[in-house]
Amino acid sequence: MSTSTEQHEQEHGMSDAGYIKIALILAAITALEVSTYYVDFGPLFMPSLMIMMVVKFVMVVSYFMHLKFDSRIFSFMFYTGLGLALFVYITALATFKFFIS
Amino acid sequence: MAETATHTADHASEHGHETSTGLSNNKLAMWLFLGSECLLFGGLISTYMLYRGRVSDGPHPMAIFDIPFTSVSSFVLLMSSLTMVLAVTAAQRGDDSRTNLWLTITAVLGATFVGGQVYEFTAFIREGLGFSTSLFGSSFYTLTGFHGIHVSVGVLMLLSTVGIIRKNKITGNKAEVVEIVGLYWHFVDVVWIIIFTLVYLIPS
């Protein structure tokens with residue numbers, strides 16, 4: 001039974017306990033994010049929020065969505081869409097900013 | 001013994017797909033769909049970022065946002081991702097009753113989130129922020145509304161999955177069906193991770 005569970009973990013990623021640990025880390029990061037609303041982080045406010053957002057995003061996508069353990073084709077499909085979206089919209093927002101200035 | 005045989009058969013079908021890529025076409029299609037969804041939400045988020053400071057009439061964003069309430073909603077949605085992944089692992093073990101239990105809990109958490117969003121929208125409208133009050137209002141309701149619709153569709157998908165598992169109507173790989181529904185659900189969660197930070201926590 002335990003061999004079957006170990007084999008299952010190797011094939012599909014993590015154990016239930018592993019996923020619970022990831023969820024606890026995500027909850028802790030969320031608490032930290034919310035704390036930035038009440039505590040003055042000064043110049044670190046924006047960078048810290050952005051870093052925490054990206055860390056949470058990558059953790060959910062890598063572990064909960066199994067991209068870390070799955071075929072790279074899936075990662076390519078998802079990150080290509082994400083990268084394209086980031087490129088197009090950052091360019092669009094920068095263009096608006098440019099014309100307003 | 002029979003359960004082990006079914007489990008082995010599931011694994012064989014999952015890891016040895018008879019496709020040109022050797023991967024599940026259904027899963028590939030879902031990832032392709034999620035990639036395209038990035039473009040949809042990218043457009044909505046950047047529109048909001050562009051217009052969030054344009055408050056010609058009605059309340060200002062930071063005057064109406066209830067951060068403690070939204071933080072609890074975010075936490076609920078985040079935990080629904082955990083229950084979803086537990087449903088996927090249960091499905092991969094071939095444990096139908098646990099799969100249904102975790103899927104139902106995920107649906108309840110998702111419905112709680114949607115309920116919170118409806119409450120939030122009602123409170124905002126009462127405070128004078130309508131859909132056409134300002135560019136901020138339009139872009140805010142469009143972005144969060146689209147996300148809310150996605151969560152609602154996710155809840156329906158979860159409940160439908162529970163129904164078809166109970167009636168034993170899945171002819172293919174059951175674990176893969178649950179995993180594909182899970183991919184959609186986690187995507188809805190990661191979009192909210194971005195919305196929560198950019199819309200609620202960063203002042204305009």
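Residues numbered from 1 in each chain as written. Chains lettered and ligands numbered in written order. Predicted model: local features only at pLDDT ≥ 70, side-chain atom pairs only at ≥ 80, totals over all residues.

Trainee: Whenever I open this one, the overall build of chain B confuses me. Can you help?
Mentor: Across its full length, chain B carries seven helices and zero strands. Going from the N terminus to the C terminus, chain B shows its helices and strands as α-α-α-α-α-α-α. Its C-alpha atoms put chain B at 65 × 35 × 25 Å along the principal axes. The buried share of chain B, taken over its 204 residues, is 42%. (Helix = DSSP H or I, 4+ residues; strand = E, 2+ residues; numbered from the N terminus. Buried ≥ 20, exposed ≤ 12 C-beta atoms within 10 Å, placed from the backbone.)

Trainee: Could you clarify how one ought to interpret the packing of helix α2 (residues 16–38) of chain A against helix α4 (residues 67–93) of chain B in this entry?
Mentor: As a packed pair, α2(A) and α4(B) sit with axes 10 Å apart at the nearest point and diverge in direction by 170°. As far as their axial angle goes, α4(B) and α2(A) are roughly antiparallel. In this structure, the crossing between α2(A) and α4(B) has a hand that is right-handed. Here α2(A) contributes Asp16(A), Tyr19(A), Ile20(A), Ala23(A), Leu26(A), Ala27(A), Thr30(A), Val34(A) and Tyr37(A) to the contact with α4(B), which in turn contributes Ile67(B), Ser71(B), Ser74(B), Phe75(B), Leu78(B), Met79(B), Leu82(B), Val85(B), Leu86(B) and Thr89(B). Classifying every residue of the contact of α2(A) with α4(B) by side-chain character gives 14 nonpolar, four polar and one charged. (Axes fitted to C-alpha atoms, helices over the stretch in contact; angles between N-to-C directions. Parallel < 35°, antiparallel > 145°, perpendicular 65-115°, else oblique. Left-handed = near helix turned anticlockwise from the far one by under 90°. Contact = placed C-beta atoms within 7 Å. Nonpolar A, V, L, I, M, F, W, Y, C, P; charged D, E, K, R; others polar.)

Trainee: Quick question: what am I supposed to make of unusual backbone geometry here?
Mentor: The phi torsion of most residues other than glycine is negative, and most of the peptide bonds are trans. Phi is positive for His66(A), which is not a glycine, with a value near 65°. Along the chain, His66(A) falls in the loop between α3 (45–64) and α4 (72–100).

Trainee: Would you explain the interface of chain B and chain A in this entry?
Mentor: Across the boundary between the two partners, chain B contributes 37 residues, which contact 38 residues of chain A. Of all the secondary-structure elements, those providing two or more residues to the side of chain B that touches chain A are α2 (25–51), α4 and α7 (174–201) of chain B. Residues of the side of chain B that touches chain A, tallied by class, amount to 21 nonpolar, 14 polar and two charged.

Trainee: For this particular structure, what's the right way to read the environment of Val177(B)?
Mentor: Residue and element names in this part refer to chain B. Summarising the element assignment, Val177 is placed in helix α7. Taking the C-beta count within 10 Å as the criterion, Val177 has 17 such neighbours and is therefore assigned partly exposed. For the pair Val177 and Ser71, spaced 106 residues apart in sequence, the C-alpha to C-alpha distance is 31 Å. Every residue in contact with Val177, bar those within four places of it in the chain, is listed here: Thr161, Ile170 and Gly172.

Trainee: Would you explain the UniProt feature "transmembrane region" (unreviewed entry) in chain A in this entry?
Mentor: As annotated in UniProt, the feature "transmembrane region" (unreviewed entry) corresponds to residues 20–39, 45–64 and 76–100 of chain A in the numbering used here. What you have in residues 20–39 of chain A is 95% helix and 0% strand, and the ends, taken at the C-alpha atoms, are 28 Å apart. (UniProt positions renumbered as here; feature names shortened; annotations may be inferred.)

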